[in-house]
Amino acid sequence: MLTPLKREEFDKYIDFVYALALDPARSGYPTYTDGIKTRADFVERSLRAFERENEDILLYERDGETAGWIHYYHLAEDQYLDTCSFCIAEGMADAIAEFTAFARGHFPGSELYLKFPGENTQAAAALEVGGFVCIERDFNDVFELDRYESRQPDPDVVPVTRENFDLFRALHAPHEDMYWNSDRLLADMDEWRLLLYMPGGVPAGALQARRDSEMGEIFGIFFPGEYDAGAYRALVTAALNGAKADGAGSMVFFNDAETQADALAMGFRCVGEYMCYKTLL
């Protein structure tokens, strides 16, 4: 059974739920096992649910006992539903089924995204049975920037501006099924570090990274054809240099099997496997 968490109940459950957040087999993404995010971060992010109209935390009860919670948020204008934490001690499959039914009743027509570590095999099995589609399966990698010295940039890497944005859009176009499509990026460019790799003046790669003064994140690298290791290294180096200049302490990047070896060679640390599932409500 799912019931809304009241603010006065928060302190009663926070330690129990945070312990679940540290267990990748019983929690979802974003993960708190990455060595970056802390208990204070978890508490702060969870408390925002009581301040925002588009968020809520649902307690999950099983056999008369509280077995965890689901913290979700909904972007009505985009018909987008996602979770900030999905921490369940027992009955993961039932919790997913109940939350999906709740979401269908409250947010029909929205796309629901549920994301879990690879260790959460119960969640993966339940999502596949429930008709969700796995749209991404990657490695969650972290680069520690505290002791990083900026490297020599490749002169063929240039920033994306409004004037050359169409070159970036052309490389990003095959990946427009993500929330941050080209139109949203263009409207919110100040929050992003967008880069092009232009050897000989020809676009051979593009990178999309979120700017943040604490933890940056590379959302993706895009190529006009097959994977280009040289372009990958040049673009990632530029992103790391930029994040270091921003004062960020770390950079997160979800790499696929094709890019993982280069990511590790450049100094990224693998936290674990990441799975993203989607369904239309």
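Residues numbered from 1 in each chain as written. Predicted model: local features only at pLDDT ≥ 70, side-chain atom pairs only at ≥ 80, totals over all residues. Heavy atoms only, no water.

Caption draft 1: The arrangement of the packing of helix α1 (residues 10-21) against helix α2 (residues 39-47) in detail. Following both chains from N to C, one finds α1 and α2 inclined at 125 degrees, their axes separated by 11 Å at the closest point. Looking at the two axes, α1 sits oblique to α2. Relative to α2, α1 is oriented so that their crossing is right-handed. From α1, Phe10, Ile14, Asp15, Val17, Tyr18 and Ala21 reach across to α2, where they touch Arg39, Phe42, Val43, Ser46 and Leu47. Here the contact of α1 with α2 is built from residues that sort into eight nonpolar, one polar and two charged. (Axes fitted to C-alpha atoms, helices over the stretch in contact; angles between N-to-C directions. Helix = DSSP H or I, 4+ residues; strand = E, 2+ residues; numbered from the N terminus. Parallel < 35°, antiparallel > 145°, perpendicular 65-115°, else oblique. Left-handed = near helix turned anticlockwise from the far one by under 90°. Contact = heavy atoms within 4.5 Å. Nonpolar A, V, L, I, M, F, W, Y, C, P; charged D, E, K, R; others polar.)

Caption draft 2: Just the environment of Leu112, in detail. Inspection of the secondary structure assignment puts Leu112 in strand β5 (residues 111-117). Distance in space between the C-alpha atoms of Leu112 and Leu47 is 22 Å, their sequence separation being 65 residues. Once residues lying within four places of it in the same chain are set aside, the contact partners of Leu112 are Leu81, Phe99, Thr100, Ala103, Phe132, Tyr277, Lys278, Thr279 and Leu281.

Caption draft 3: Just helix α5 (residues 165-172), in detail. Those residues of α5 not exposed but buried are Phe165, Phe168, Leu171 and His172. End-on view of α5: buried residues confined to an arc of 125 degrees, all on one side of the axis. Seen from the open side of α5, the exposed residues pointing more than 90 degrees away from its buried face are Asp166 and Ala170. On its buried face, α5 is in contact with α6 (182-187), β8 (192-197), β9 (205-210) and β10 (215-222). (Buried < 20%, exposed > 50% of the residue type's maximum accessible area, 1.4 Å probe, protein only. Arc of directions from axis to C-beta.)

Caption draft 4: How the structure looks around the side chain of Thr83. Its place among the elements puts Thr83 in strand β4 (residues 80-88). What Thr83 contacts, discounting residues up to four positions off in sequence, is Tyr29, Pro30, Ile70, His71, Tyr72, Tyr73, Phe99, Tyr113 and Leu114.

Caption draft 5: Local environment of unusual backbone geometry. A cis amide bond links Tyr29 with the next residue in sequence, Pro30, at an omega value of 5 degrees. With respect to the helices and strands, the residue Pro30 is situated in the loop between α1 and α2. Within the chain, Asp63 stands out as a residue other than glycine whose phi angle is a positive 55 degrees. A residue is classified by how much of its surface remains accessible, and Asp63, at 73% relative accessible area, is exposed. Unlike most non-glycine residues, Gln79 shows phi in positive territory, near 50 degrees. Inspection of the secondary structure puts Gln79 in the loop between β3 (65-75) and β4. Given the relative accessible area of 41%, Gln79 is considered partly exposed.

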